[in-house]
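Architecture and fold: a report
Single-letter residue listing:
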Amino acid sequence: MTSPIRTEREGNVLVIVSDNPPVNALGQSVRAGLADAIAQGLADADIEAMVIRCDGQTFFAGADITEFGKTPQGPSLPAVLDQIEASDKPVVAAIHGTALGGGCEVALACHYRIAAPTAKLGLPEVKLGLIPGAAGTQRLPRLVGAKAALPLVALGNPISAREALDIGLLDQLAGGDSLAADALAFARSKIGLPVPRASEGTANHDGVRDPAIFDEFRAKHGRAMRGFDAPNAAISAVRAAGEMPFAEGVKRERELFAGLMTGTQSKAMRHYFFAERAAQKIADLPANAQLLPIAKVGVIGAGTMGGGIAMNFLSAGIPVTILEMQQEALDRGTAVMRRNYEASAKRGRMSDAQVDTAMSLLTPTLEYGDLANCDLVIEAVYENMEVKKQVFARLDEVTKPSAILASNTSYLNIDEIATATQRPGQVLGLHFFSPANVMKLLEVVRGAQTRSDVLATAMKLARKIGKVAAVSGVCPGFIGNRMLSKRQGQANKLIMEGASYWDVDDVLLEFGFPMGPFQMGDLAGLDIGWHRDPTKVTTVREALCAAGRFGQKAGKGFYDYDSARQRTPSDEVRAIIADFAAKAGHAQREVGKDEIRERLLYPMVNEGAMILDEKIAQRAGDIDVVWINGYGWPIHTGGPMFWASTIGLDTVVAGLDKHGLPVSNYLRERAGEGGTFG
Ligand code: T1G
């Protein structure tokens, strides 16, 4: 098999090129090829400098994640990097695309680094539950200092080439399309000079001289790192770079790396990495499914959802015509969209010019006729089947024959909605999650008659607007809300049996969710959908609304909130719940947190198993993708289905049986086989 590494002689410079699509992952053959090429350059007396670069879309994007967990095959990446750095002939990294993880570590082992202006560099290993494992945590701080190194290593977000140049990670920016030539010239300019080695750098002493760097970082990012092992290990590794010699620091890094690699968090996060990508693939879709052009989008409804949906397309440069029934609602909706953009600009996430560009692509209207040229129309109107069917019938009349018609419904039957049109093959669900311009998840709901090209177009469009998509079949609540209803049902039962509502919230918080169901209700507003009649009280929520406890916006809901929106359990709410329980004849008892956790989460796993059995979801990983991106399931457990497999499906079944909760045949069979969800 030919090596993915080749060498080209450019006078007295040896150019080492990797061609290992799609991302030049540093698999065994790449590592071996690099080692051989460096040895060739060192042995050749006519070679006085070397350049390492990559063909294709990017410089090395990291170790080959598919090799993780398998028997390592030499040469190891650390060994190859040490060989590069030990060279007395200057070695220059010529970077384009995304130099990530091991790729960034290759660049750090080179003596110099030059990059295309559009390149990005980063150490995203923490997003896989790891830390850099090829001396990146030791070389980077020595090159750029602990303060600049910490966010790169512990948060894992890449930086631009300009930022990399500013902190000293890059030596030069190449011209727009002259990276190869500029790298050659740069290499030649360093011939005869002593080679600088990152491992010998002294910038890391800033962390030793000012340990506050680490305290400040933890104070600022502690919340985001809550429950994650890798970021804390990353901080320890960067700290070691300032406290011990390079060789010892590398040993420390390797200990931390090995511990993470074999831990459940990294296995879970590596599972998620591939699950997110697998979810884009639709098993029975022909690989060559033709994509339909989406040059113009229509959105029906300029409320919270409609406005948020429209922003996704505007931000991606796709013109949107947004329709409302009343001018006042239309004006309010477009004003909210501009305010949201301006808030992003204030946070530095976009420029004022980008705000104006996005808003310039928006066409507000009260006329259905203005949707005539849209290639896709998404309705985000009131969740009522008759209303939606009327809208679809009207869209069927006014839009061009090729237009795709999508519903943002969160649970209604797409097949029934499609009957209101003459084009059921072009009808599907695009279920956005609120706030639609922020939440990553998009449930693409495939109707019985949805055409393959329509589905493929929707999946491609999801990526274009920055969403993580997963395909769902038609059932009430699709994947996410169907499973959520089981958790909510148990939460409501638990508090009727005597469990305190703050324990229910705390169990999910401790598990790693951003908040629990009662906190969520307070945040969203308990009065959403309330009939506004305080004399009509049939549920706990109606009782709270009747008492003016609308949630955070009222300063009180399930909890009392102080000016900083810190929550305190309420005696009034406890009394309301106890009163409801007494009237319903529920005996009260102490309910422990273990029981609460099992009754909240296991029924979700059972519902997920049924969703798989009914082929509503293509694969278990898709369910994990839905829950991590749509509901904040902690990524370091891999999602509900991966987590269930980790703790054992037999454990889940035993728990459901213990609490007298339903167990689907599919789940019981998989557990009986000692299996997992795969
Ligand atoms: N290893 C193996 N396969 C990879 C891969 C990797 N590092 N990165 C991507 N792929 C596959 C991916 O599964 C998909 O496969 C295809 O390439 C295209 O990916 C030693 C230990 C580079 C920004 O974490 O962030 O280095 O689905 O759809 O949108 O210290 O891929 O086509 O079969 O994502 O253009 C650190 C992970 C590894 C980078 C490109 N590196 N990759 O995005 O394409 S650990 C990372 C990405 C490490 C060292 C440590 C992105 C990308 P398929 P894609 P993209």
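This structure is a prediction, so every number in the text was calculated from the model and none was measured.

**Looking at the domain arrangement of the chain**
Taken as a whole, the chain is organised into domain 1 (5-262), domain 2 (297-476), domain 3 (500-584) and domain 4 (593-672). Centre-to-centre, using C-alpha coordinates, domain 2 lies 31 Å away from domain 4. Each partner contributes to the interface: domain 2 provides twelve residues, whereas domain 4 provides nine residues. Together domain 2 and domain 4 conceal approximately 850 Å² of surface at their shared face, both sides included; 67% is due to carbon and sulfur atoms. Together, Leu441, Ala470 and Val471 form the three largest contributors to the area buried by domain 2 at its contact with domain 4, with a combined 39%. Our count for the domain 2 to domain 4 interface comes out at zero salt bridges. Taken together, the links from domain 2 to domain 4 amount to one residue pair in polar contact (both at pLDDT 80 or more). Listed by contribution, the elements that provide at least two residues to the side of domain 2 that touches domain 4 are strand E16 (441-445) and strand E17 (468-472). Looking at the side of domain 2 that touches domain 4, the element that brings in the most residues is E17, giving four residues.

**Comments concerning helix H19 (residues 480-496)**
With 17 residues, H19 should reach 24 Å at 1.5 Å per residue; the first-to-last C-alpha distance of 25 Å fits that figure. All of the buried residues in H19 are Gly480, Arg482, Met483, Arg487, Gln490, Ala491, Leu494, Ile495 and Met496. Once H19 ends, the next one or two residues include Gly498, with phi positive near 120°.

**So, the site of the ligand**
The ligand sits among 28 residues. The nearest are Ala63, Glu105, Gly133, Arg277 and Lys281. Within the side chain of Glu125, one N or O atom sits 2.9 Å away from an oxygen atom of the ligand. Where the shell around the ligand is concerned, the elements lending two or more residues are strand E5 (98-100), helix H3 (102-109) and helix H12 (264-278). Looking at the shell around the ligand, the element that brings in the most residues is H12, giving three residues. Of the residues in the shell around the ligand, the class split is 16 nonpolar, six polar and six charged.

**A word on the pattern of salt bridges**
Counting across every chain of the model gives 44 salt bridges. Where Arg31 meets Glu67, a salt bridge forms, and the shortest distance between an N and an O atom there is 3.0 Å. Here Arg31, found in helix H1 (residues 28-43), pairs with Glu67, found in the loop between strand E3 (49-54) and helix H2 (77-86); they are 36 residues apart in sequence, far enough to count as distant. By relative accessible area, which is 28% here, Glu67 ends up partly exposed. One salt bridge connects Glu328 with Arg332, and the closest N-O pair in it is separated by 2.4 Å. In this pair, Glu328 and Arg332 both sit in helix H14 (residues 327-346), four residues apart, roughly one turn of the helix. Residue class for Arg332 comes out partly exposed when judged on its relative accessible area of 46%. Via salt bridges that share partners, Arg6, Glu8, Arg53 and Asp55 belong to a single interconnected network.

**So, the layout of surface pockets**
In this structure, the second largest pocket occupies an estimated 220 Å³ of space. As for the second largest pocket, its lining consists of Ala148, Pro151, Leu152, Leu155, Asn157, Ile159, Glu163, Ile167 and His221. Here the lining of the second largest pocket gets three residues from one element, more than from any other, and that element is helix H5 (residues 146-154). Split by residue class, the lining of the second largest pocket holds six nonpolar, two polar and one charged.

**A closer look at the state of the cysteines**
Linking two cysteines covalently through their sulfur atoms gives a disulfide. In this structure the tally under the stated criterion is zero disulfides. You can see Cys104 has no disulfide; the closest cysteine sulfur is in Cys110, sitting 11 Å from it.

**Re the sheet that holds strand E12 (residues 362-365)**
Taken together, the eight strands give an open sheet; going across it, the order is E12-E11-E10-E13-E14-E15-E16-E17, and neighbouring strands pair in mixed fashion. Of all the strands in the sheet, just E12 and E17 have a single pairing partner and so form its edges. Between one strand axis and the next, the sheet turns through 25° on average, direction left out of account. Examined bridge by bridge, strand E13 (residues 376-379) and strand E14 (residues 404-407) share four bridges and lie parallel to one another. The residue of E14 that forms the bridge with Glu379 is Ser407. Sheet contacts for helix H16 (residues 385-398): strand E10 (297-300), E13, E14 and strand E15 (427-432); angle to E14, the most-contacted strand, approximately 165°.

**Focus: the packing of aromatic side chains**
How two aromatic rings sit relative to each other is given by the distance of their centres and the angle of their planes. Counted under the stated rule, the structure contains 19 aromatic pairs. Their ring planes at 85° and their centres at 5.3 Å tell us that Phe511 and Trp643 sit as a pair that is edge-to-face. Within this pair, whereas Phe511 is found in helix H20 (residues 501-511), its partner Trp643 is found in helix H26 (residues 640-647), the two being separated by 132 residues in sequence. Under the relative-accessibility criterion, Trp643 is labelled buried at 10%. Between Phe513 and Trp633, the aromatic rings sit 5.2 Å apart at their centres with planes inclined by 75°, giving edge-to-face as the arrangement. Taken as a pair, Phe513 in the loop between H20 and helix H21 (517-524) and Trp633 in the loop between helix H25 (620-630) and H26 lie far apart in primary sequence, 120 residues in all. One exposure class covers both Phe513 and Trp633, and it is buried. In this structure, Arg277 packs its charged tip against the face of Phe273, placed 3.7 Å from the ring centre. Here the basic side chain of Arg567 rests over the ring of Tyr559, its NZ or CZ set 4.9 Å away from the ring centre.

So, how was this worked out
Residues numbered from 1 in each chain as written. Predicted model: local features only at pLDDT ≥ 70, side-chain atom pairs only at ≥ 80, totals over all residues. Heavy atoms only, no water. Domains from an automatic or database assignment. Contact = heavy atoms within 4.5 Å. Buried area = accessible area lost by both parts, 1.4 Å probe. Salt bridge = Lys/Arg side-chain N within 4 Å of Asp/Glu carboxyl O. Polar contact = N/O pair within 3.5 Å; in protein donor to acceptor, adjacent residues only side chain to side chain. Helix = DSSP H or I, 4+ residues; strand = E, 2+ residues; numbered from the N terminus. Expected span 1.5 Å × (residues − 1). Buried < 20%, exposed > 50% of the residue type's maximum accessible area, 1.4 Å probe, protein only. Near = heavy atom within 4 Å. Nonpolar A, V, L, I, M, F, W, Y, C, P; charged D, E, K, R; others polar. 1 Å grid on protein atoms, 1.4 Å probe; cavity = no way out; pocket = protein on both sides within 12 Å on 5 of 7 lines; lining within 4 Å. Points joined across faces, edges and corners; volume = space filled by probe spheres on them. Disulfide = S-S within 2.5 Å. Pairing = 2+ DSSP bridges. Axes fitted to C-alpha atoms, helices over the stretch in contact; angles between N-to-C directions. Phe/Tyr/Trp six-rings, centres within 6.5 Å; stacked < 30°, edge-to-face > 60°. Lys NZ or Arg CZ within 6 Å of the ring centre and 35° of its normal.

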